[in-house]
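Chains, contacts and geometry: an overview
Letter by letter, the chains look like this.
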Amino acid sequence: MEKFLVLTHVDESGAALTKASLEAVAAGVEMASAMGAPLTIGIVGAQSGAAANSVAGAGTRVLTVTGEEFSQPRYASDAAACEALCRAAEATLVFAPASSRFARVLPGVAQRLTGVADTHITAVAKGETLEASRWFYRQRVEAVVRREKRPWFLLLEAGTRAPWSAAEGQVQAETISVTLPALRTQVKGVRAPQQGEQTIRPDAKLLFVAGAGWTKKQADGQVHAVEAEELIRGFLRSADASLGSSKSLVDQSGENQAVLKFMSHLNQIGQTGSTPRHPKGLSTCCHGEEPHVVGWRFVGERRAISLDPNCGWARGKADVLYVADAFKVMAKVNELLANKS
Ligand SMILES: Cc1cc2nc3c(=O)[nH]c(=O)nc-3n(C[C@H](O)[C@H](O)[C@H](O)COP(=O)(O)OP(=O)(O)OC[C@H]3O[C@@H](n4cnc5c(N)ncnc54)[C@H](O)[C@@H]3O)c2cc1C
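Keep in mind the model is a prediction, meaning the values are calculated, not measured.

Another point: the overall build of the protein. Counting secondary structure elements, the protein contains nine helices and 14 strands. In the protein, buried positions account for 41% of the 341 residues. Long-range contacts, defined here as pairs at least 24 residues apart, represent 67% of the contacts in the protein between residues at least 6 apart.

If you want it as structure tokens, here you go:
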């Protein structure tokens, strides 16, 4: 019989499970129930009391690996923790969030347990056995994967299902002891990108995309890059949106053209960029060509503002297209948002 284990880890506060971990818990609860298989939840973190209580409603066995060594991500300690949890749970099917912390560890853990790992899983379902879906070739081909080898580790993409939420309670978690190897890596601190308007926020409700039009000559024959920056930054600040870009815009910095300085290739959406998941997206000054729009595959509701009534967005790629000057539209939107707050 299959035995499910959901591996989770705490967030930066150290007290709560990450949202992606709670999504993995939701997947585990649903699939264990569908397949009539026992479920265990494993937690890695310096302390696990509050985190364990947050999954009380799942009514499952909870195993924890705790201690200062597990307060921060590190391959040696995390791999040892996950291996110990898998052995204690005798897991055959392991769900885990595809966080940077676990994504780099779990293929190695699968190797130690002579199992197999699959990454970028976007959906799981019960067929004759467990079936996992993932996309290949830049989200063009969707495959459904079944495997006979066990344990089978599935790294679940964040944002693909609602996180587990149920009333908290008291959980009697079992502590699993781990024999750590010599730890050569000491975590001295975290260097993260500056927080600000340029931030890419995967959990934001809105994706705001800027295209090359923001840096092109406008009706008065002039480029208005400074004004463009102010409008975009103003909107991101009030809407708490994530910032995306077309390839043309981020490529311009290498061509000595007027650029939006807070953009980098990390912001690029599309075939050779990212494919984020946001409930809504607003594209501005972007033509909506196929290599760009393919990155919008998972954006729920798409709107675009372009001067060109024949742009790609007008050809069935946007739910709503505003044929308008984005400078004027965003100035008005910012004004309305400022009055609202
Ligand atoms: C192999 C390959 C891979 C690629 N991968 C990607 C990718 O991953 N991501 C990506 O984005 N592109 C990608 N591209 C490039 C893509 O095909 C387009 O060239 C690019 O998306 C165009 O960017 P853009 O729409 O911002 O610029 P443009 O095509 O220059 O369009 C600018 C738009 O802004 C509008 N505009 C100008 N001023 C205003 C205004 N005031 N108000 C409103 N609208 C205005 C114009 O009407 C125009 O429609 C790829 C191309 C290839 C060949």
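On to the sheet that holds strand β4 (residues 93-97). Strand order across the open sheet formed by nine strands is β7-β6-β5-β8-β4-β1-β2-β3-β9, with mixed pairing between neighbours. Taken across any chain shown, the strands that pair with only one partner, and hence form the sheet edges, are β7 (141-145) and β9 (174-175). Relative to β9, strand β3 (residues 61-66) runs parallel, the two sharing two bridges. Bridged to L63 within β9 is E174. Along the sheet, helix α1 (residues 19-35) contacts β1 (4-9), β2 (39-45), β4, β5 (116-126), β6 (130-136) and β8 (152-156); its crossing angle with β1, the most-contacted strand, is approximately 170°.

Quick look at helix α6 (residues 225-239) now. In an α-helix, one turn spans 3.6 residues; hence positions three or four apart end up facing the same way. Across its 15 residues, α6 extends 21 Å between first and last C-alpha, which sits within 8% of the 21 Å expected from 1.5 Å per residue. Within the span of α6, buried status applies to A228, E229, L231, I232, F235 and L236. Looking at the buried positions of α6, the neighbouring elements they touch are β10 (206-210), β11 (242-245) and α9 (326-340).

Relative orientation of the contacting elements α6 and α9 amounts to 35°, with a least axis distance of 10 Å. Judged by the sense of rotation from one axis to the other, the crossing of α6 with α9 is left-handed. Touching E227, L231, G234, F235, S238 and A239 of α6 are F327, M330, A331, V333, N334, L337 and A338, all from α9. Each residue belonging to the contact of α6 with α9 can be placed in one class, and the counts come to nine nonpolar, three polar and one charged.

So, on to the sheet that holds strand β13 (residues 301-306). Strands in a sheet are paired, the pairing made by backbone hydrogen bonds, and the direction either parallel or antiparallel. Ordered by their spatial adjacency, five strands build an open sheet running β11-β10-β12-β13-β14, and the pairing between neighbours is parallel. Each edge of the sheet is formed by a strand with only one pairing partner; in this case those strands are β11 and β14 (320-323). Across the sheet, the mean angle separating the axes of adjacent strands is 20° when strand polarity is ignored. Pairing between β13 and β14: four bridges, direction parallel. Looking at β14, one finds that S306 is bridged to V323.

Near the ligand you find 30 residues, and of these G211, G213, S246, K247 and G270 are the closest. Of all the secondary-structure elements, those providing two or more residues to the shell around the ligand are α7 (247-251), α8 (290-293), β13 and α9. Counting residues per element, the shell around the ligand draws most heavily on α7, at three residues. A breakdown of the residues in the shell around the ligand according to their chemical character gives eleven nonpolar, 14 polar and five charged.

Each neighbour pair has its own omega, and for R150 with P151 the value is -5°, a cis peptide bond. Take P151: it is sitting in the loop between β7 and β8. Backbone geometry at H120 places phi at a positive 60°, although glycine is not the residue there. Within the secondary structure, H120 is located in strand β5. Positioned with a positive phi, D240 is a non-glycine residue whose angle comes to about 55°. Along the chain, D240 falls in the loop between α6 and β11.

In this section: the domain arrangement of the protein. Annotation of the protein at the domain level lists domain 1 (4-175) and domain 2 (206-340). Placing the centre of domain 1 and that of domain 2 at their C-alpha centroids yields a distance of 36 Å.

This part takes up the environment of A79. Residue position: A79 is located in helix α3 (residues 75-89). If sequence neighbours within four positions are ignored, A79 has contacts with V105, G108 and V109.

Our next topic: the pairing of β10. In terms of burial, β10 is largely enclosed, as four of its five residues are buried. Direction of pairing for β10 relative to β11: parallel, over a ladder of four bridges. Considered in β11, the bridge of V209 is made with G244. On the question of chirality, the crossover connecting β10 to the parallel β11 by way of α6 is right-handed.

Reading the values: the criteria
Residues numbered from 1 in each chain as written. Predicted model: local features only at pLDDT ≥ 70, side-chain atom pairs only at ≥ 80, totals over all residues. Helix = DSSP H or I, 4+ residues; strand = E, 2+ residues; numbered from the N terminus. Buried ≥ 20, exposed ≤ 12 C-beta atoms within 10 Å, placed from the backbone. Contact = placed C-beta atoms within 7 Å. Pairing = 2+ DSSP bridges. Axes fitted to C-alpha atoms, helices over the stretch in contact; angles between N-to-C directions. Expected span 1.5 Å × (residues − 1). Left-handed = near helix turned anticlockwise from the far one by under 90°. Nonpolar A, V, L, I, M, F, W, Y, C, P; charged D, E, K, R; others polar. Near = placed C-beta within 6 Å. Domains from an automatic or database assignment. Right-handed = clockwise from strand over helix to strand, strands pointing away.

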